[in-house]
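The lines below spell out each chain.
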Amino acid sequence: MAARYEFSFAWAGPYGLMTRLIEANVGPGRVVLDLGCGFGPLAEPLQELGYEYVGCDADPTGLDSLRTRGFETHQIDLTDLDGLAERLVKITAERAVGAVLMLDVLEHLPDTDGSLAQLRSCLLQLDRPLLGLSIPNVAHYDVGAKLVMGAWDTTPSGLLDDTHVRFFTERSLLSAMRACGWYEIARHDVVLRHSDQHFPVDHPALADGTPLRNLLWQLRRRIGDGLTVNQFVRLFALGAADVPPEQAPDPGGGGRFLGVLMRTQGKRMHNLLEALTCLAAQTDQDLEVHLLVHTARAGVVAEVRDLVADFAPDFSGRVHVHQVEEGGRARPLNVGLAAATSRYVAFLDDDDLVTADWVERFRTGVDSAPGEVVRSVTVDRRVVRNDDELLLAPYQAVGALETTHDCRFNALEHFSRNRTPICSFAVPLEAVRSLGIVFDEAAAVLEDWNFLLNLALVCGVHDTGHVTSIYHRWEGAEGSAGAVSREVWETTHRLIVQRLDAGPLLLPPGSAGQIALMWEKALILDHEMPAHNTERAELETKVGRLEQDKQALEAERAAVEQTFARERSALERSFTHERAALDAEVAAARAEAAEIRSSTSWRASAPLRGLGWLGRRALHAYRRAQG
Amino acid sequence: MESGLPSVRIQVVLFRQQLGDLWRLVPAAAAAARHAIGARYAGAVTVAFGDCSPRPVVGDEDLRTMQAVASEAGLGALTYEHFDENLGSSGGSNRLAEGSTDDFILVLNPDTYPAPNLLSRMLAPFHDAHVGAVDAHQLPLEHPKDFDPVTGDASWLSGSCMLVRGDVFRAVSGFDSEHFFLYCDDVDFSWRVRLLGFRTVHEPRAVVFHDKRIDTAGRITATPLEGFYGSLGRLMLTHKFDRPDLLEETIAAIEAGGTADQRAAVDEWRRRQAAGALPSVVAGAASVAQFVGGEYARHRF
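Every value quoted in this text rests on a predicted model; they were computed, and no experiment measured them. (Residues numbered from 1 in each chain as written. Chains lettered and ligands numbered in written order. Predicted model: local features only at pLDDT ≥ 70, side-chain atom pairs only at ≥ 80, totals over all residues. Heavy atoms only, no water.)

**Describing the overall build of chain A**
Item 1. Across its full length, chain A holds 21 helices and 17 strands.
Item 2. Radius of gyration (C-alpha) of chain A: 46 Å, far over the 25 Å computed for a compact globule of 627 residues.
Item 3. Overall, the C-alpha framework of chain A stretches about 175 × 65 × 50 Å when taken along its three principal axes.
Item 4. Scored against the burial criterion, the 627 residues of chain A give a buried share of 44%.
Item 5. Of the contacts made within chain A by residues no fewer than 6 positions apart, 76% connect residues no fewer than 24 positions apart.
Item 6. As displayed, chain A has an accessible area near 31,800 Å², and 55% of this comes from carbon and sulfur atoms.
Item 7. Averaged over its 63 positive side-chain charges, chain A has a centre that lies 14 Å from the centre of its 88 negative ones. (Helix = DSSP H or I, 4+ residues; strand = E, 2+ residues; numbered from the N terminus. Rg over C-alpha atoms; globule rule 2.2 N^0.38 Å. Buried < 20%, exposed > 50% of the residue type's maximum accessible area, 1.4 Å probe, protein only. Contact = heavy atoms within 4.5 Å. Areas by Shrake-Rupley, 256 points an atom, 1.4 Å probe, with all protein chains shown as cover. Lys, Arg positive; Asp, Glu negative; His and termini not counted. Charge placed at Lys NZ, Arg CZ, Asp CG, Glu CD.)

And the structure:
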């Protein structure tokens, strides 16, 4: 045994943490069998806790040390699998074995699966004691970041010990264990932000604070798969080995091309029927549908299942109905993401519609740009729901198609506003899973925008340029636009931008030019602003003066109007007086005339006045005849 | 077939379709038939394909498999006839209906996909003996023509998916295939049905997918034949339904700024006029014909 493996015991190290696990999970008085024990640094602590420690190793150096410290030891070569089980049974004799430890051993064995199988056979004979493992994590951030940059620095011991023949990540360890029937029951991993691989310390992928390190760190952190775990310290129980080993990822996806995640609350069954009909009519039928029924009511789910069953079996057989009882708008989408087995996933809410080439265009886009987010174009249509039972149509369009969404994706513009409705893009499921991206369930709105941006910035976006979906904008309160206040939208938007601001961003090619142009425009505006401000101030002064003039003129006008009214009133009064006097005079004259007409002389001269009238008429007729 | 329940014949006229389109359509038609039979709206449903393509779209082997699938799915029969000549949609439909004694005929485009409820919903309005024909709500692009929101009455019905009483179809002698090869044949048909005193009804709860594409300006992508046959159809309609003023106006507009296809339609119109091959003017046309702008009904948007 090389002196390099003579480690000291520390409660915060793997031996101390394994001792804690034993203490918490194994009853005292039992044998703890330490395979590949080396110098057995945890022998004394376990003994003090009441366990009977037995050390086994192929190298006698460590065993000598243990024996001199008073512990039972046996020389066993774990690479010699034949007869291992019988030997261990013989060593333990009739004693009760509480746990078997393999600390920093498995990664040294050339045939991991064979060793685990042998161990299984052996531990079955020992009445299934727990198995304690301590294994270095090859996916620690330091190792991964350096490997991305082309560095693989082996060392005499540590994460990249130069005698390791097998390397484990969180997933590969659990997968290998499950394949042999070992199920994890407890863990107490060693977490180190900076591992023994954290060198050179100024490497841009390692040094805290560099954009490169921060970018890689935030991508890894999303996955949460042992980012800072230095050593897996785990306890496993032995169960049935009936779980097949995890399959290697199939680059082709394995399942269908497209998984369509469709949210419904089962409240708009007619719209759901229409959306499903659109999918059934796709020219490319290499799709599966995950119909996510967001309701606690079993009756609604049954109704949805009946609706699906009405479709032709070649389609309905590919529609998987999931009930999602809890959560907000995003929960069903996350349930769908977890259930999908397709290469890509796309999203269609139950009240939107797609053209027959929706899937086909996604497929063509993926063929051109595999691994990228594929984006088509959506058009909007305003619709109203008819709640009156007398009306035949459950809903109606009230406007022509509106082209409000851009044909080309612009990442920079998307920081400001979402120009890509959820029904217009498809994302690679591998990216979703490997980046650990899900829909934000805390968001009341804009969950799709956040999801899209997270993927688009890492995967890139390929535009098909074709219109393939129709987004229904419901008039009135229906739909999230009407149901949620503007304040919630704005707050959610700010949160999304703040999250993006928390780390470096990957921008698509061409962004530098766009930003430079925007910056120049901003500078020009800044430059022109003082002149504009001066001009504006002058104009405002002018407006102020004009306002004053206007007020003066209005005051003058009011005065004139007052004078006019006064004079008019005086004139009217004067006129009234004069008219009254004249009326009195006329009345007096009339009375006098009446008196004359009623006199005898007036009546006697009446024939003469009649002759005079006839004469005047004859003279008038003669003159007219003379022309 | 259960006695007392009507029989439905689904007629599809083909012209150079992809075989895959038919393989998508047949199970969907079968599902719609199963729904209608289950809901006791129909007693039996059959499918008849008539092929106007130069070469048969469906081979013997595919036909046998389709027939087996259709039979398994509950369709009464599935037939296929290669016409060996291009009769147009109207002529093809008439040929398929020859000799039919079915209670109802569903005229269906090959680029459609019936929703499961299609037949049930379309058959329901016929409980009114005055209803002569019914059309459906189209996806993904709702047709803009107006209809009575309560009764469903419409000026005309779309021939892409139109269910007609068999005796009404026969009474109007089917489509006027002599004057309407493609386009406007359904408008002419609808107006003649109404002239017989029957109602033409739009049923918005009956759903059919009709494969229409949208360009980036938000317009429906026109088919190559639409310019010529759409214009010729309009000229025929304005003449047949006694609107000489609109006929002249249309010709003048096309001559002033029409496309090559539209001008070719005017030429064809004149050729037929000279040959005395125009339809007779329909008596009482004004009572049914609606010319609103360039359309044959008021449009809602």
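More follows now that the structure is in view.
**Some points on the overall build of chain B**
Item 1. A count of helices and strands for chain B gives nine helices and eight strands.
Item 2. Projected onto the principal axes, the alpha-carbon positions of chain B cover approximately 55 × 45 × 40 Å.
Item 3. For chain B, the residues scored as buried account for 56% of the 301 residues in total.
Item 4. Residue pairs at least 24 apart in sequence account for 81% of intrachain contacts in chain B once pairs closer than 6 positions are excluded.

**Regarding helix H16 (residues 447-459) of chain A**
Residues and elements named next belong to chain A.
Item 1. Across its 13 residues, H16 extends 18 Å between first and last C-alpha, which sits within 8% of the 18 Å expected from 1.5 Å per residue.
Item 2. The element H16 is extensively covered by neighbouring structure, given that 12 of its 13 residues are classed as buried.
Item 3. Of the positions making up H16, those classed as buried are Glu-447, Asp-448, Trp-449, Asn-450, Phe-451, Leu-452, Leu-453, Asn-454, Leu-455, Ala-456, Leu-457 and Cys-459.
Item 4. Backbone geometry just downstream of H16 places Gly-460 in the positive-phi region, at approximately 85 degrees. (Expected span 1.5 Å × (residues − 1).)

**Observations regarding the pairing of strand S4 (residues 97-103) of chain A**
Residues and elements named next belong to chain A.
Item 1. Counting buried residues in S4 gives seven out of seven residues, a clear majority hidden from the surface.
Item 2. Pairing geometry for strand S1 (residues 31-35) and S4, over five bridges, is parallel. Bridging from a neighbouring strand, Val-31 pairs with Val-97 of S4.
Item 3. Pairing geometry for S4 and strand S5 (residues 130-136), over five bridges, is parallel. Of the residues in S5, the one forming a bridge with Val-100 is Leu-131.
Item 4. For the crossover that starts at S4, traverses helix H5 (residues 112-125) and ends in the parallel S5, the hand is right-handed. (Pairing = 2+ DSSP bridges. Right-handed = clockwise from strand over helix to strand, strands pointing away.)

**Focus on the interface of chain B and chain A**
Interfaces are frequently sized by the accessible area removed from exposure as the parts join.
Item 1. Between chain B and chain A, the residue contacts involve 37 residues of the former and 41 residues of the latter.
Item 2. Of the roughly 3,100 Å² buried where chain B meets chain A, counting both sides, 66% is carbon and sulfur surface.
Item 3. Here chain B is connected to chain A by one salt bridge.
Item 4. The closest approach of N and O atoms between Asp357(A) and Arg213(B), which form a salt bridge, is 3.2 Å.
Item 5. The tally of links between chain B and chain A comes to five residue pairs in polar contact (both at pLDDT 80 or more).
Item 6. Sorting the residues of the side of chain B that touches chain A by element identifies helix H1 (19-38), strand S6 (131-139) and strand S8 (199-210) of chain B as the ones contributing at least two each.
Item 7. Grouping the amino acids of the side of chain B that touches chain A by side-chain chemistry returns 18 nonpolar, eight polar and 11 charged. (Buried area = accessible area lost by both parts, 1.4 Å probe. Salt bridge = Lys/Arg side-chain N within 4 Å of Asp/Glu carboxyl O. Polar contact = N/O pair within 3.5 Å; in protein donor to acceptor, adjacent residues only side chain to side chain. Nonpolar A, V, L, I, M, F, W, Y, C, P; charged D, E, K, R; others polar.)

**Details of the environment of Leu258(A)**
All names here are of chain A.
Item 1. Positionally, Leu-258 belongs in strand S9 (residues 258-264).
Item 2. In sequence terms Leu-258 and Gly-436 are 178 residues apart; their C-alpha atoms lie 19 Å from each other.
Item 3. With near-sequence residues (within four places) excluded, Leu-258 lies in contact with Asp-286, Leu-287, Glu-288, Ser-342, Tyr-344, Val-345, Ala-346, Trp-358, Val-359, Phe-362 and Ala-426.

**Some points on the sheet that holds S6(B)**
Residues and elements named next belong to chain B.
Item 1. Strand order in the open sheet made by the eight strands is S3-S2-S1-S4-S7-S6-S8-S5, with mixed pairing throughout. The sheet is open, and its two edges are formed by strand S3 (77-82) and strand S5 (112-114), each paired on a single side. Neighbour-to-neighbour, the strand axes of the sheet open up by a mean angle of 30 degrees, direction not taken into account. (Axes fitted to C-alpha atoms, helices over the stretch in contact; angles between N-to-C directions.)

**Some words on the packing of helix H7 (residues 226-240) of chain B against helix H8 (residues 244-257) of chain B**
Residue and element names in this part refer to chain B.
Item 1. Where H7 meets H8, the closest approach of the two axes is 7 Å, and the angle between their N-to-C directions is 155 degrees. Relative to H8, the element H7 is oriented roughly antiparallel. The two elements H7 and H8 meet at a crossing, and its hand is left-handed. Along its contact with H7, which presents Ser-231, Arg-234, Leu-235, Thr-238 and His-239, the element H8 presents Pro-244, Leu-246, Leu-247, Thr-250, Ile-251 and Ile-254.
Item 2. The residue inventory of the contact of H7 with H8, partitioned by class, reads six nonpolar, four polar and one charged. (Parallel < 35°, antiparallel > 145°, perpendicular 65-115°, else oblique. Left-handed = near helix turned anticlockwise from the far one by under 90°.)

**So, empty space enclosed by the protein**
The rolling of a water-molecule-sized probe over the atoms marks out the regions of remaining empty space.
Item 1. Per the stated rule, a full pass over the model turns up four cavities of 30 Å³ or more.
Item 2. If you add up the space inside the largest cavity, you get close to 60 Å³.
Item 3. Ala393(A), Tyr395(A), Gln396(A), Ala136(B), His137(B), Gln138(B), Glu142(B), His143(B), Phe147(B), His202(B), Pro204(B) and Arg300(B) together form the lining of the largest cavity.
Item 4. Put simply, the parts of the chain that give the lining of the largest cavity at least two residues each are strand S15 (395-397) of chain A together with S6 and S8 of chain B. (1 Å grid on protein atoms, 1.4 Å probe; cavity = no way out; pocket = protein on both sides within 12 Å on 5 of 7 lines; lining within 4 Å. Points joined across faces, edges and corners; volume = space filled by probe spheres on them.)

**Things to note about the nonpolar core**
One recurring pattern in soluble globular proteins: nonpolar side chains tend to sit buried together.
Item 1. Counting 58 residues, the largest nonpolar core has Leu258(A), Leu276(A), Leu279(A), Leu291(A), Phe315(A), Leu348(A) and Trp358(A) as its most contacted members.
Item 2. Here this core takes eight residues from helix H9 (residues 269-280) of chain A, the largest share from any one element.
Item 3. Aside from chain neighbours lying at most four places away, what touches Leu279(A) is Val260(A), Met262(A), Gln285(A), Leu287(A), Val289(A), Phe315(A), Leu348(A), Val354(A) and Trp358(A).
Item 4. Counting 41 residues, the second largest nonpolar core, distinct from the first, contains Leu14(B), Ala70(B), Leu75(B) and Leu106(B). (Core = buried A, V, L, I, M, F, W, Y, C linked by side-chain atoms within 4.5 Å.)

**Here we look at helix H10 (residues 298-309) of chain A**
Residues and elements named next belong to chain A.
Item 1. Its 12 residues place the ends of H10 16 Å apart at the C-alpha level, agreeing with the 16 Å of an ideal helix rising 1.5 Å per residue.
Item 2. Along H10, the residues classified as buried are Val-300, Val-301, Val-304, Leu-307 and Val-308. One side of H10 holds all its buried residues, which, seen down the axis, span an arc of 120 degrees. Facing away from the buried side of H10 by over 90 degrees, the exposed positions are Ala-298, Gly-299 and Asp-306. (Arc of directions from axis to C-beta.)

**Quick word on the pattern of salt bridges**
Item 1. In the structure shown here, the tally under the stated rule is 54 salt bridges over all chains.
Item 2. The residue Lys146(A) makes a salt bridge to Asp153(A) at a minimum N-O spacing of 2.9 Å.
Item 3. Assessed through its relative accessible area of 1%, Lys146(A) is described here as buried.
Item 4. Note on Asp153(A): relative accessible area 26%, which makes it partly exposed.
Item 5. We note a salt bridge from Arg192(B) to Asp188(B), for which the minimum N-O separation is 3.0 Å.

**Structural notes on the environment of Pro144(B)**
Residue and element names in this part refer to chain B.
Item 1. Along the chain, Pro-144 turns up in the loop between S6 and strand S7 (161-165).
Item 2. Placed 153 residues apart in sequence, Pro-144 and Ala-297 show a C-alpha to C-alpha distance of 9.2 Å.
Item 3. Sequence-distant contacts of Pro-144, defined by excluding residues within four places in its chain, comprise Arg-298, His-299, Arg-300 and Phe-301.

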